[in-house]
Every structure is written in structure tokens, then in C-alpha cells.
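Each chain is listed here by its residues.
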Amino acid sequence: ADFTAEITVSWKLTLLYSQEVLEEKKEMKFVYGVSELPYGLEVALEKMTKGESSYLQLAPHHAFGPNGNPDLGVPPDTVVVYDITLHDVKNPQPKWALNPQERYEFALKMKEEGNAHLKEGIKDLKDQPIKAAVRKYKLALVYLEENTAEDTVEGDALGLQVSLHLNIAAVAIRTGTWGAVIK
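Because the structure is predicted, anything quoted here is derived from the model rather than measured.

Attention shifts here to the sheet that holds strand S2 (residues 21-31). One open sheet accounts for 4 strands, arranged S2-S1-S4-S3; its pairing is antiparallel. In this open sheet, the two strands that pair with only one neighbour each are S2 and strand S3 (53-58). Taking each pair of neighbouring strands and ignoring which way they run, the sheet shows an average axis angle of 20°. The pairing of strand S1 (residues 6-15) with strand S4 (residues 80-90) spans 10 bridges and is antiparallel. Among the inter-strand pairings, Thr8 is bridged to a residue of S4, identified as Asp88.

Right, let's get into unusual backbone geometry. Keep in mind that most residues, glycine aside, have a negative phi and that most peptide bonds are trans. Notably, Gln19 is not glycine yet its phi reads approximately 65°, a positive angle. Since its relative accessible area comes to 53%, Gln19 is described here as exposed. The phi torsion at Glu27 lies on the positive side, around 50°, for a residue other than glycine. For Glu27, the position within the fold is in strand S2.

This part covers the environment of Ser18. Structurally, Ser18 is set in the loop between S1 and S2. On the basis of relative accessibility, which here comes to 43%, the residue Ser18 falls in the partly exposed class.

The subject of this paragraph is the nonpolar core. Core analysis: the largest hydrophobic core is formed by 23 residues, its most contacted members being Ile7, Trp11, Leu41, Leu45, Val80 and Tyr82. The set of elements that each furnish at least two residues to this core consists of S1, S2, helix H1 (39-47), S3 and S4. Per element, the largest residue contribution to this core is 5 residues, and it comes from S1. Not counting chain neighbours up to four residues away, the residues in contact with Tyr82 comprise Trp11, Lys12, Leu13, Pro38, Leu41, Ser54, Tyr55, Leu56, Leu58 and Phe64. The next biggest cluster of nonpolar side chains, apart from the first, holds 21 residues, and it includes Leu98, Ala133, Ala140 and Val171.

Take the packing of aromatic side chains next. Within this structure, the stated rule accounts for 2 aromatic pairs. Taking 5.6 Å as the distance between ring centres and 90° as the angle between the ring planes, the aromatic pair formed by Trp11 and Tyr82 counts as edge-to-face. Within this pair, whereas Trp11 is found in strand S1, its partner Tyr82 is found in strand S4, the two being separated by 71 residues in sequence. Residue class for Trp11 comes out buried when judged on its relative accessible area of 6%. Assessed through its relative accessible area of 1%, Tyr82 is described here as buried. Taken together, a centroid distance of 4.3 Å and an interplanar angle of 40° make the contact between Phe106 and Tyr143 tilted. Here Phe106 is found in helix H2 (residues 100-124), whereas its partner Tyr143 is found in helix H3 (residues 127-144), with 37 residues between them in sequence. Assigned by exposure class, Phe106 and Tyr143 land together as buried.

About the criteria used
Residues numbered from 1 in each chain as written. Predicted model: local features only at pLDDT ≥ 70, side-chain atom pairs only at ≥ 80, totals over all residues. Heavy atoms only, no water. Pairing = 2+ DSSP bridges. Helix = DSSP H or I, 4+ residues; strand = E, 2+ residues; numbered from the N terminus. Axes fitted to C-alpha atoms, helices over the stretch in contact; angles between N-to-C directions. Buried < 20%, exposed > 50% of the residue type's maximum accessible area, 1.4 Å probe, protein only. Core = buried A, V, L, I, M, F, W, Y, C linked by side-chain atoms within 4.5 Å. Contact = heavy atoms within 4.5 Å. Phe/Tyr/Trp six-rings, centres within 6.5 Å; stacked < 30°, edge-to-face > 60°.

Structural data, given as C-alpha cells:
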């Protein structure tokens, strides 16, 4: 699944050793790579195909880590199990299928979504929304890189590219990843 894909999943989350059911979700829709899913679950979803079911045992470092998840009842450093089904995947149109104006509008939408994730991450001091924001900014840049001087776009495509690079740099400064700032 592309990280901008809308996916529909169902899962049952249990603790490995007690088999206690902590959470059940049926036909839940969300945008892949933007929700606060455990790392191991995101990796598994990336490799799954539509209609596939999987039984996943996630080690603590791929699930909820040393802090666990008190809201779900996951103790610290606990192995969890997801019984998951990927029902549907809806990917956005590829950039080559869009005209310059549509690519610009898609990039603008990705920037706006990235800004919303960034605000959420800064407000709640959460890492996942900040990473999602950077992914949205980078995707927007990919859609803008095809534009040439001959392409006519209603809007400032170059200004949008500069803004996206500045947003990525601002995130890198905030998170202390200085190598990304220099690029």
C-alpha cells in the first residue's frame, strides 16, 4: 500500500501470553502511514494484498515498546498479537496520469494534510504525526518535480516547492536531524 492509500482493515488485538482480547476493529478505514499504528503493523500492512488475512506476533520494539499502551491495556515490554484482514486498498492516481494542474493541486493537498499532521504532532508531542507530515511533504515534491517551465499551472508551483522544502527543514531542525536540513 502506498502511504497515501486509504485502506480498510479489521483486526483483533490480543496479548500473546494471556490471549486477552484488548481491541477489535471491524472494517475500519484510515489513510495508511498517517495513523498511529505500531511500526510492525505498518510494515505488515505494506506487504499485504487486498483480501489477505494474517496472524502477526509483534515483539515489544515493533509494537508498543517499553511504555506499552495503557489506553489499550498493553503492559510495558509486551508481545502482542494482531489477527488482521486487509479488506481494501485505494491508492491515489499516479503522477504520470495527471496533468500539470492536477499534480499541482494534489501537491497542495498533500502540503495541507502535512501541515495538519505537523500541528497535531507538535501540539501532542507525538512522533508519528510529524513523520506523516514529512512523508506528505516529500510526496508533494515528487508530484511537483515533473512540472517544466512550459507547464502552465494556476498557482505558484515553484513557491509551493520552496515552501515544502522549508517545512521539511523546519521539522528536521525541530527533531535535530541536521543532515536533512542541509539537503
